[in-house]
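For reference, the chains in residue letters:
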Amino acid sequence: MSFTSLIAFAEDSSSPVNESAYDKVVYVSPTGNNETATGEAEAPFYTLAAARDYVRTINGDGKNIAVVLRGGQYNLGSTFTLGTEDGGQGSGSVTYMSYPGETVVVDGGERVTGWSETEESGLYKASLDINEVRQLWVNGSRAQLASSATVNEWNELLSWDKMTKTIKVYASDVEGISECEIVVHMSWAVDIMRVQAVLSDENDTSVKYLQLNEFDEGVIFGRSSPFKTDYQHYYLQNAKELLDREGEFWYDEENKELYYRPRLGEDLTTAEVVVPYIDTLIDIQGESEENPVKNLTIKGINFRYSAFDGTYRYGFTENQANHYPVYRSGSMIGYDVPTAAVQAQCASGIKIDRCTVTRCGGSGIVFRYSVFDSEITGCTISDMSASGIMVAPSVNCGDLLYDAQTRGSNILVANNYVNWIGMDYYGAIGILNCYGSNVVIRNNEIAYCSYTGVSVGWGWSTREIECKGNIVAYNDIHHTSMFVCDTAAIYTLSAQRGTQIRNNYVHDVMRSKFVSSTTPAYGIYLDEGSNYMVVTDNVIRNTNENEYLVFTHQSGLGNYIAGNKTSDAEIEAKAGVNKYYAKTVPGELREGSFVRNMALGHIVNATTGEVGFAITPKKDITVTAIGRFYVSGNNEVHKLKIIDAETGNVVASTSVDMRAAKCDGSGFKYGELSGEVVLSANKEYYVVSEERCYGDLYLDKETNIIFDETLATVSSYVLKKDGSDNYLPAKKLADKNMGGLNLIIK
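Analysis parameters
Each chain has its residues counted from 1, following the order in which its sequence is written. At least 70 in pLDDT is required for a residue's local features to be given in this predicted model, at least 80 for side-chain atom pairs to be given and counted, and no such filter applies to totals for whole chains, interfaces and linings, which use all residues. Side-chain calculation: all heavy atoms of the structure are included, whereas hydrogens and water are not. Secondary structure elements are defined from DSSP: runs of H or I of at least 4 residues count as helices, runs of E of at least 2 residues count as strands, and each element is numbered from the N terminus. Accessible area is worked out with a 1.4 Å probe on protein chains only. A residue is then buried under 20% of its type maximum, exposed over 50%, and partly exposed in between. Residue contacts are defined here by distance: any two heavy atoms, one from each residue, within 4.5 Å place the two residues in contact. Every accessible area reported is derived by Shrake-Rupley at a probe size of 1.4 Å, with residue values counting cover from the shown protein chains alone. By the counting rule applied here, Lys and Arg register as positive and Asp and Glu as negative, while His and the ends of each chain are not counted. To locate a charge, take NZ of a lysine, CZ of an arginine, CG of an aspartate or CD of a glutamate. Cavities and pockets were defined on a 1 Å grid built over protein atoms only: a cavity is a set of grid points that admits a 1.4 Å probe from which the probe cannot escape, a pocket is an open set flanked by protein on both sides within 12 Å along at least five of seven lines, and lining residues are those with an atom within 4 Å of any such point. Grid points are joined across faces, edges and corners, and a volume is the space filled by probe spheres set on the points. In the scheme used here, Gly and all other residues not listed as nonpolar or charged are polar, with Ala, Val, Leu, Ile, Met, Phe, Trp, Tyr, Cys and Pro taken as nonpolar and Asp, Glu, Lys and Arg as charged. Should DSSP find at least two bridges between two strands, the strands are taken to pair. When a carboxyl oxygen of Asp or Glu is within 4 Å of a side-chain nitrogen of Lys or Arg, the pair counts as a salt bridge. All axes here are fitted lines through C-alpha atoms, helices being fitted over the stretch that makes contact, and every angle between N-to-C directions spans 0 to 180 degrees. The predictor attaches a confidence to each residue, and that confidence, scored 0 to 100, is pLDDT. For this text, the term disulfide refers to a pair of cysteine sulfurs within 2.5 Å. Residue types Ala, Val, Leu, Ile, Met, Phe, Trp, Tyr and Cys, when buried and joined through side-chain atoms within 4.5 Å, form a set referred to as a nonpolar core. Contacts described as polar in this section are N or O atom pairs within 3.5 Å, which, within protein, must combine one atom able to donate a hydrogen with one able to accept it, while residues neighboring in sequence count only if both atoms come from side chains. The pairing test for Phe, Tyr and Trp rings, Trp by its six-membered ring, is centres within 6.5 Å, and the orientation test on the planes gives stacked under 30 degrees, edge-to-face over 60, and tilted for anything in between. Note on geometry: a ring has a charge over it if NZ (lysine) or CZ (arginine) is within 6 Å of the ring centre and within 35 degrees of the ring normal.

1. Focus: the overall build of the chain
Moving on, step 1. Regarding its fold elements, the chain presents four helices and 64 strands.
Moving on, step 2. Taking the principal axes of its C-alpha atoms as reference, the chain extends roughly 80 × 70 × 65 Å.
Moving on, step 3. Taken over 746 residues, the chain has a buried fraction of 63%.
Moving on, step 4. Considering only contacts in the chain between residues 6 or more positions apart, those separated by 24 or more positions represent 78%.
Moving on, step 5. Carbon and sulfur atoms provide 43% of the accessible area of the chain, an area that totals close to 27,200 Å².
Moving on, step 6. Charged side chains in the chain number 62 positive and 96 negative. The centres of these two groups are separated by 4 Å.

2. Details of the layout of surface pockets
Moving on, step 1. In this structure, the second largest pocket spans a volume of roughly 600 Å³.
Moving on, step 2. Looking at the lining of the second largest pocket, the elements that each hand over two or more residues are β16 (180–186), β17 (189–200) and β20 (248–252).
Moving on, step 3. Residues of the lining of the second largest pocket, tallied by class, amount to seven nonpolar, five polar and 10 charged.

3. Let's talk about the environment of Cys 449
Moving on, step 1. As for its position among the elements, Cys 449 is in strand β40 (residues 445–449).
Moving on, step 2. Cys 449 sits 31 residues away from Val 418 along the chain, and the two C-alpha atoms are 8.7 Å apart.
Moving on, step 3. Apart from residues no more than four positions distant in its own chain, Cys 449 is found in contact with Ile 421, Gly 430, His 479, Thr 480, Ser 481 and Met 482.

4. Some details on the sheet that holds β20
Moving on, step 1. On the basis of which strands lie adjacent, the open sheet formed by five strands has the order β8-β9-β21-β20-β12 and mixed pairing. Each edge of the open sheet is held by one strand with a lone partner, namely β8 (116–117) and β12 (144–145).
Moving on, step 2. With two bridges joining them, β8 and strand β9 (residues 124–127) adopt antiparallel strand pairing. Paired with Ser 116 across the two strands is Lys 125, which belongs to β9.

5. Side note on the pattern of salt bridges
Moving on, step 1. For the structure on display, the rule yields 37 salt bridges.
Moving on, step 2. Among the salt bridges present, the one from Asp 107 reaches Arg 111, with a minimum N-O distance of 2.8 Å.
Moving on, step 3. Given the relative accessible area of 26%, Arg 111 is considered partly exposed.

6. A word on unusual backbone geometry
Moving on, step 1. The peptide bond linking Ser 225 to Pro 226 adopts the cis configuration, its omega dihedral lying at -5°.
Moving on, step 2. A positive phi angle is found at Arg 359, which is not glycine, with a value near 55°.

7. Regarding the sheet that holds strand β30 (residues 356–360)
Two modes of strand pairing occur in sheets, parallel and antiparallel, and in both the strands are linked by backbone hydrogen bonds.
Moving on, step 1. Pairing is parallel across the open sheet formed by 10 strands, whose spatial order is β3-β6-β25-β30-β33-β37-β40-β43-β46-β49. Two strands lie at the open edges of the sheet, namely β3 (72–75) and β49 (539–543), each paired on one side alone. Going across the sheet, the axis of each strand differs from the next one's by a mean of 10°, ignoring polarity.
Moving on, step 2. Across four bridges, strand β46 (residues 505–509) lies against β49 in parallel orientation. Counterpart to Tyr 505 in the pairing with β49 is Val 539.

8. Digging into the confidence of the model for the chain
Moving on, step 1. A residue-level look at the chain finds 90% of positions with pLDDT of 70 or above and a mean pLDDT of 88.
Moving on, step 2. A low-confidence stretch, residues 1–14 stays under pLDDT 50, and its non-local contacts, those more than four residues away or across chains, total 65 contacts.
Moving on, step 3. Across residues 400–405, where pLDDT falls below 50, the model places 15 contacts with residues more than four positions away in sequence or in other chains.

9. Observations regarding the state of the cysteines
Moving on, step 1. This model, assessed by the stated rule, comprises zero disulfides.
Moving on, step 2. Here Cys 360 is not disulfide-linked; the sulfur of Cys 379 is the nearest cysteine sulfur, at 12 Å.
Moving on, step 3. Judged by relative accessible area, which is 0%, Cys 360 ranks as buried.

10. A look at the nonpolar core
The nonpolar side chains of a soluble globular protein tend to be buried with one another.
Moving on, step 1. Ile 284, Phe 303 and Ile 352 are the most contacted members of the largest nonpolar core, which totals 148 residues.
Moving on, step 2. Residues within four places of Ile 284 in sequence aside, it is in contact with Leu 82, Val 293, Leu 296, Gln 343, Ala 344, Gln 345, Ala 347, Ile 350 and Ile 352.
Moving on, step 3. Ranked by size, the runner-up nonpolar core spans 25 residues in total, among them Leu 210, Leu 212, Leu 236 and Leu 243.

11. Observations concerning the environment of Ala 652
Moving on, step 1. Along the chain, Ala 652 turns up in strand β57 (residues 650–657).
Moving on, step 2. As for Ala 652 and Ile 626, which are separated by 26 residues in sequence, their C-alpha atoms are 9.4 Å apart.
Moving on, step 3. Residues contacting Ala 652, with those up to four places away along its chain left out, are Leu 640, Lys 641, Ile 642, Leu 673 and Val 677.

12. Observations concerning the side chain of Asn 444
Moving on, step 1. Structurally, Asn 444 can be placed in the loop between β39 (437–442) and β40.
Moving on, step 2. The class of Asn 444 is buried, set by a relative accessible area of 0%.
Moving on, step 3. Within the local environment of Asn 444, its side chain forms a polar contact with the backbone nitrogen of Asn 415, the two atoms lying 3.3 Å apart.
Moving on, step 4. Looking at Asn 444, its side chain comes within polar contact range of the main-chain nitrogen of Asn 416, at 3.0 Å.

13. Observations concerning the packing of aromatic side chains
Moving on, step 1. Enumeration according to the criterion identifies 26 aromatic pairs in this entry.
Moving on, step 2. It is Arg 70 that lies over the ring of Tyr 99; its NZ or CZ is 3.7 Å from the centre.
Moving on, step 3. The residue whose ring lies beneath Arg 497 is Tyr 532, and the NZ or CZ to ring-centre distance is 4.1 Å.

14. Brief notes about the environment of Thr 270
Moving on, step 1. Secondary-structure assignment places Thr 270 in the loop between β21 (257–260) and β22 (273–276).
Moving on, step 2. A C-alpha to C-alpha distance of 54 Å links Thr 270 and Ser 530, two positions 260 residues apart in sequence.

15. Some details on the pairing of β21
Moving on, step 1. Covered by surrounding structure in β21 are Glu 257 and Tyr 259 together with Leu 258 and Tyr 260, the residues of both alternating faces.
Moving on, step 2. Here β9 pairs with β21 via four bridges, running antiparallel. Looking at β21, one finds that Tyr 124 is bridged to Tyr 260.
Moving on, step 3. Examined bridge by bridge, β20 and β21 share four bridges and lie antiparallel to one another. In the strand pairing of β21, Phe 249 is matched with Tyr 260.
Moving on, step 4. Between β20 and β21, which pair antiparallel and follow one another directly, the connecting turn spans four residues, one of which, Lys 256, has a positive phi of 55°.

16. A closer look at the side chain of Thr 543
Moving on, step 1. Tracing the backbone through its elements, the reader meets Thr 543 in strand β49.
Moving on, step 2. According to the relative accessible area criterion, Thr 543 is buried, its value standing at 10%.
Moving on, step 3. Contacts of Thr 543, omitting those with residues within four sequence positions, involve Val 506, Val 509 and Gly 523.

Set out below in structure tokens:
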């Protein structure tokens, strides 16, 4: 089973709530009225907070209560908090659920209106009173914080000056910039640091020095890892001077104005422009481990537009897996992880079931600490700035004691879709368990992650930690390590007695080209101190380091590694989300697909023209559809063609709407041909897509594609620049290649 487009896990039944299963059912509706509400179906509450407060008055030992949300959108003004008194009392339970057959959305976004065009053509602004804007969505598509580069065009720094605590760069790369942020690729982490000054060199005008703010400077020059090396890749962001491409935004904090350059087809008079402004939408927080929130279920609700203000005034200098230093009153007080749309701590018997979490400035769902006997099942987590799901992360700041935060056990994370993870904070994990014990991570599909798919353990030590007895099994993990290296689809740290990694299907993993070291990306990676584990019967195929199906580094004591292979039809079929959990069956690799397997290359949008590949059939083949690869945030309509290479005539054409079409198992969206088209044997054709520089993202030549070579050969990638009459082999233009097209062959 493989990646699908976003799925809402609504119940199949449209029948009313089975009220007999509960002692009390309380209704909430976007058309309700808190002043006149009784909680009955005909007199619902208007807000979640009012319903919660009412439940407190009727809750009691052994009572089972359901809070049913009727369909519609619930705009939160602040975090919706559920404390010890809001969970089940004694043997009782409390459930917050959507009305069967209706779509419920809990929303933490601020709509931005009142746009006006500035003196600069194509640049618009609107008033917005908020501390910081780091994410923006327009008509559901993620916009880009103003940047010096597209994701395939990063600069190289020259060196780190430890004496002056500055970063040496070429002067031409920072021309016209004074204050901004620098984003540096540092192997297994990508750090975001605030630049407070750009300094000149009296003796060498070809270089300049970036001076960081005091907090980022103290962290980055005070630590030994992630490693600082010469010629690491970087780009600049978050400066008005960088606001030069469609789809980019920048917030003027001083004047409280948001600037944006609309993409093709976006009309800001009608577009829904959303800035997330609430860090956590649902916060389940018990008083203590001894007095937790108990027996609380959240079911069938869609959560979207949460924020994360951890970078406000400071950068994001993570050490690994989205763990970053926290400052208060000018001093570092420890480490934390990005806030989540849904999070819990000091809780037991929590169930997050069949929910969708999307368009988040932080992470999706986090069980922070002291969470026991709980579940995250059947959820879709997509379009995250940070990580997908976290269990017992290594948070130790403020009043949190190290021993207290390491607690968490008997957690089930199963049958979830976790995809497009780490869109802003590249050290993100699909599913992370740092310190949890007896945590079962099974039958999930994890795809398109900037760093690691599944990560278990913490501490880089051979000492045995509380993280033990875990199971990672029957997961379908693919297209990870998109921007970071020294990683794997499945990654572990420290001794974990009794942990099992088995029967997973790992495929299509490629090391990022922006890495300045030689550290690769593996299928399964047992890193420092990873001892006393069982790693068996995993299928690992088409990875960057396929010669190491399971790689070990400073580990291996007491591990049992056996039976891992590159193919097993039974394991591959059983891996991924169980069909019982999805209303719509997950998209498989479409029948007749010319692309058989693919490891993600590098995401680009640097060409205006027609780009694609040259194909020569080995026999007559019949084509019924053309596909284009989908990248989260794509929103354009693309014309797709098959060209006769000899005559230049169009043999077939169609179009695909990146927003409307659904993905198949490898992430392609298709335009159907009006009729079947036969491509003749031994004749060359070009399969191309019309692309626009700085428009929708696609894939370049470093994508590792495995085609069905029994049908045809792909001889080269091709390009026809806008205004040109000729298709040129793109192998002569290495940065312009296109690996994001597919054919459906009958």
